[in-house]
Amino acid sequence: MATVLPPPSKRQKRDDAARARDPVEQPTIPEGLQRIQFRDADTGAAQGPVVSVSLADLRSQNLSLLLNSLLGKTDPADRLPYRFYNPLGDGEFNQEQIIKAYVDGTTTTELQLNIPCRAEAVFKVKAVTRCSASVSGHGESILSAQFSPATSSRLATGSGDKTARIWDCDTGTPLHTLKGHTGWVLAVAWSPDDGVLATGSMDNTVRLWDPEKGTPLGGALKGHTKWITSICWEPYHLREPGRPRLASASKDYTVRIWDAVSGHTDMALTGHKGSVTTVKWGGAGNIYTASQDRTVKIWTSATGTLLHTLTAHAHWVNHLALSTDHVLRTAYHDHQGRKAVPDTVDAKRKKAKERYDAALAPAGGVERLVSASDDCTMYLWEPSNSNKPLQRMVGHQKQVNHVTFSPDGATIASAGFDNHVKLWNAKDGKFISTLRGHVGPVYQCAFSPDSRLLVSASKDTTLKAWDVRTGKLAENLPGHQDEVFAVDWAPDGQRVGSGGQDKAVRIWRN
Amino acid sequence: MPQNEYMERFTKQHGKRLDHEERVRKRAARETHHASKQAQNLTGLRAKLHQQKRHKEKIQMRKQIKQQEEKNVKGAEDSGPSSTPLPSYLLDRGKETNAKALSSAIKNKRAEKAAKFSVPLPKVRGISEEEMFKVVKTGKKTAKKSWKRMITKPTFVGPDFTRRPVKYERFIRPMGLRYKKANVTHPELGVTVQLPIISVKKNPQSPMYTQLGVLTKGTIVEVNVSELGMVTAGGKVVWGRWAQVTNNCENDGCVNAVLLV
């Protein structure tokens, strides 16, 4: 016997009748024109003339098209993608809010709305979705990984088996094994011109290698008395022609500047009272060092004198990031690959300088610095203007291990031992969102070169790719057998490389 | 037995003797001499009791000394690097990472095919049906045919178990011999944690015992390891893990097991 529904109650009948009687009014967009002015989100400069747009047409896609044509980029190939922000408050551009403000009278057609906009990267990186290669070769855990600045087909890794290896990511095969160190290889760094690979090791030495041939360039650079924690190359546009230099930070409280050609110590920067955890070489000729003595120190690279000491942290400073890290690392290599590389050294320097200057624009022409610490906070600094922090960034529940600026300089991502990655606004250091999903401490994170995606590596054996704009998980990338120590996103956006305790290098593609 | 805290009350009111500290120190200093004298001179039962007391004290002392030494060793290890390779950002972080030392060694071992099915107790003593079951002969009809059995070994029954009606219940699992928790040892870490049993996976004696949830030495049980915080390759938290029972639970009154990793 079929179940018979009970007859509708009196109220249900009344409601039904009422619904049938008066038709529902669709929310309509009122007729009206809105005067808008596009402004650069960073500088506030006007972009194009003031225009009137009907309220119904105020959508991000339309605005992007409009702004492109206002700026004279009528050819579809020249168009730039733009991101628009809410003119009436914080957050993304929102048509409904503008209509609401129009209806309740806060804005009128006479008033002009200043819509902040920001050009995004012209190329789009797709989220990595699959493991294209899992290459074994190392005999011990992989401790560091970095892609070549020129191409995503070369990846260098340093391992606990006392070797560094260069991998051919196109075929997923090992290319060179760089033997020579007598301790774990803790740091690898490609020079910005892709010509030299530097590795720092537990055996207190730095070694230089030719990444094409896989042969050592000279002997070990000796001088440190404890292991090397971090290596950074001199920015390409600052280097004297034919005399590239690199800085290495060590556990022995010093930073040494080496001449990569002669192999001699140029300078030794002494002054820290604890292990130096990170060294960064800024594009304006300053060297930034973070140390476990709770300070960040700034030195001039020309003479090696101490400029400032930034003291605000209450515990070890674990990591530093510069707003220009990405361009300093890639110098004259842009998203177009090898075909856009200039021929002469002068042209290369010029292009590197141009890219560096362009990267400074969002921060108002100066380098920003962010430091992550064991006291669970981060500080945003503008060292050229003041030795007081711009903003203290609190929110992590445990130590912050890694911090990085997005290549466009608009976002900061921080990875902490509290299993979370947090996103911050690089302009004022305000909190944006928390990326939850890892179930173990997050060791490192890396932005995609178009700044739209972020990949994070964790102790829970996974990588996770995140959508930066929405703060949602874009892709979960399981596959590692054990914790993942190092992750890097290639500067051309094609691949992500990762390595960890399971000894296999994994290359991820879309 | 003192009925009140009258000694404390007295010291509160009148204070201590002026030479109190000195006397306490001297008494403590005499303690060793006194103990040594007793150890040499006592005879008979008193000597026996003294030895026992002393033995227990010595155990405590040794434990303390060991703890102290471990503390010192740890301090020394903090400055030196660990034996497993670690990235520079984890090098100075002491031993908190070492809780994970388990996985790599174990995973290497598991990669070898033969080790995949090896368990800590490869062989078990056979248990006959006579030993396992007691024939229940109560009641007129039951006694006549004697088809009812009582299990004489510890068992695990699920949380939602209800006994069947008497008429149909062939196997009785006595309430007093049911266990919900096992003391599980992690072989690599050397820690023992009491964990809830989820199910009995395999009793090597017979599949029927597996079904009945009998816990004998060598039985594989699934335990809830969520509080240990282990993670799978896919990044999910491991919930259930297998463990092998290592003791004769029926003799000991507890279930000890070792985690299969």
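Residues numbered from 1 in each chain as written. Chains lettered and ligands numbered in written order. Predicted model: local features only at pLDDT ≥ 70, side-chain atom pairs only at ≥ 80, totals over all residues. Heavy atoms only, no water.

1. Some thoughts on the interface of chain A and chain B
How big an interface is tends to be reported as the loss of accessible area on association of its parts.
Turning to step 1, where the next piece is worked out: Counting residues at the interface gives 35 residues for chain A and 26 residues for chain B.
Turning to step 2, where the next piece is worked out: With both chains or domains summed, chain A and chain B bury close to 2400 Å², and 54% of this area falls on carbon and sulfur atoms.
Turning to step 3, where the next piece is worked out: On the chain A side of the interface with chain B, the three residues burying the most area are Trp184(A), Trp227(A) and Val439(A), jointly 20% of the side's total.
Turning to step 4, where the next piece is worked out: Where chain A touches chain B, the interface holds 0 salt bridges.
Turning to step 5, where the next piece is worked out: Linking chain A to chain B there are 2 residue pairs in polar contact (both at pLDDT 80 or more).
Turning to step 6, where the next piece is worked out: Split into classes, the residues belonging to the side of chain A that touches chain B amount to 11 nonpolar, 16 polar and 8 charged. (Contact = heavy atoms within 4.5 Å. Buried area = accessible area lost by both parts, 1.4 Å probe. Salt bridge = Lys/Arg side-chain N within 4 Å of Asp/Glu carboxyl O. Polar contact = N/O pair within 3.5 Å; in protein donor to acceptor, adjacent residues only side chain to side chain. Nonpolar A, V, L, I, M, F, W, Y, C, P; charged D, E, K, R; others polar.)

2. Side note on the sheet that holds strand 6 (residues 142-147) of chain A
Residues and elements named next belong to chain A.
Turning to step 1, where the next piece is worked out: As summarised here, the arrangement of the 4 strands in space is 6-7-8-9, forming an open sheet in which the pairing is antiparallel. Looking at the sheet topology across the chains shown, the edges are occupied by strand 6 and strand 9 (173-179). Between one strand axis and the next, the sheet turns by 20° as a mean value, whatever way the strands run.
Turning to step 2, where the next piece is worked out: Judged from the 5 bridges that link them, strand 6 and strand 7 (residues 154-159) form a sheet pairing that is antiparallel. The residue of strand 7 that forms the bridge with Ser-144 is Gly-158. (Pairing = 2+ DSSP bridges. Helix = DSSP H or I, 4+ residues; strand = E, 2+ residues; numbered from the N terminus. Axes fitted to C-alpha atoms, helices over the stretch in contact; angles between N-to-C directions.)

3. Re the packing of aromatic side chains
Turning to step 1, where the next piece is worked out: Enumeration according to the criterion identifies 11 aromatic pairs over all chains in this entry.
Turning to step 2, where the next piece is worked out: Arranged with centres 6.4 Å apart and planes meeting at 65°, the rings of Phe84(A) and Phe93(A) form a pair that is edge-to-face. You'll find Phe84(A) and Phe93(A) in the same group, each marked buried.
Turning to step 3, where the next piece is worked out: Seen in terms of ring centroids, Phe417(A) and Tyr443(A) are 6.1 Å apart; in terms of plane orientation they differ by 85°. Their pairing is edge-to-face. Within this pair, whereas Phe417(A) is found in the loop between strand 27 (411-416) and strand 28 (421-425), its partner Tyr443(A) is found in strand 30 (residues 442-447), the two being separated by 26 residues in sequence. Exposure class is identical for Phe417(A) and Tyr443(A). Each is buried.
Turning to step 4, where the next piece is worked out: Grouping aromatic residues by their ring pairs yields a cluster made of Phe38(A), Tyr82(A), Phe84(A) and Phe93(A).
Turning to step 5, where the next piece is worked out: One cation-aromatic arrangement involves Arg173(B) over Phe161(B); the distance from NZ or CZ to the ring centre is 4.7 Å. (Phe/Tyr/Trp six-rings, centres within 6.5 Å; stacked < 30°, edge-to-face > 60°. Buried < 20%, exposed > 50% of the residue type's maximum accessible area, 1.4 Å probe, protein only. Lys NZ or Arg CZ within 6 Å of the ring centre and 35° of its normal.)

4. Details of the nonpolar core
Turning to step 1, where the next piece is worked out: Judged by nonpolar contacts, the single largest core of 19 residues is most densely connected at Val184(B), Leu215(B), Val221(B) and Val223(B).
Turning to step 2, where the next piece is worked out: Sorting the residues of this core by element identifies strand 4 (181-186), strand 5 (191-202), strand 6 (220-224), strand 7 (240-245) and strand 8 (256-259) of chain B as the ones contributing at least two each.
Turning to step 3, where the next piece is worked out: If we ignore the near neighbours within four places in the chain, the residues touching Val221(B) are Ile197(B), Ser199(B), Val200(B), Lys201(B), Leu215(B), Arg241(B), Trp242(B), Ala243(B) and Val245(B).
Turning to step 4, where the next piece is worked out: By size, the runner-up hydrophobic cluster in this structure holds 17 residues, among which are Val51(A), Leu55(A), Leu80(A) and Phe93(A). (Core = buried A, V, L, I, M, F, W, Y, C linked by side-chain atoms within 4.5 Å.)

5. Describing helix 2 (residues 20-41) of chain B
Quick reminder: α-helices carry 3.6 residues per turn. Residues three or four places apart thus point the same way.
Turning to step 1, where the next piece is worked out: Here helix 2 of chain B is 22 residues long and its end C-alpha atoms lie 30 Å apart, about the 32 Å a rise of 1.5 Å per residue gives.
Turning to step 2, where the next piece is worked out: Residue Glu31(B) marks the point of greatest curvature in helix 2 of chain B, where the axis turns by about 35°. (Expected span 1.5 Å × (residues − 1). Bend = angle between axes of the 7 residues up to and from the residue.)

6. As for the environment of Val128(A)
Residue and element names in this part refer to chain A.
Turning to step 1, where the next piece is worked out: Along the polypeptide, Val-128 turns up in the loop between strand 4 (112-119) and strand 5 (130-136).
Turning to step 2, where the next piece is worked out: Along the chain, Val-128 and Trp-508 lie 380 residues apart, while their C-alpha atoms are 5.9 Å from each other.
Turning to step 3, where the next piece is worked out: Every residue in contact with Val-128, bar those within four places of it in the chain, is listed here: Glu-475, Leu-477, Trp-489, Val-496, Trp-508, Arg-509 and Asn-510.

7. Overview of the sheet that holds strand 31 (residues 453-458) of chain A
Residues and elements named next belong to chain A.
Turning to step 1, where the next piece is worked out: Overall, antiparallel pairing links the 4 strands, which are arranged 30-31-32-33 in an open sheet. Either end of the sheet is taken by a strand with one partner, and the two such strands are strand 30 and strand 33 (472-477). Neighbouring strand axes in the sheet, compared pairwise and without regard to direction, differ in orientation by 25° on average.
Turning to step 2, where the next piece is worked out: Of the strand pairs in this sheet, strand 31 and strand 32 (residues 463-467) are connected by 5 bridges, and their pairing is antiparallel.

Note that every value here comes from positions in space, so none of it alone points to a role or purpose.
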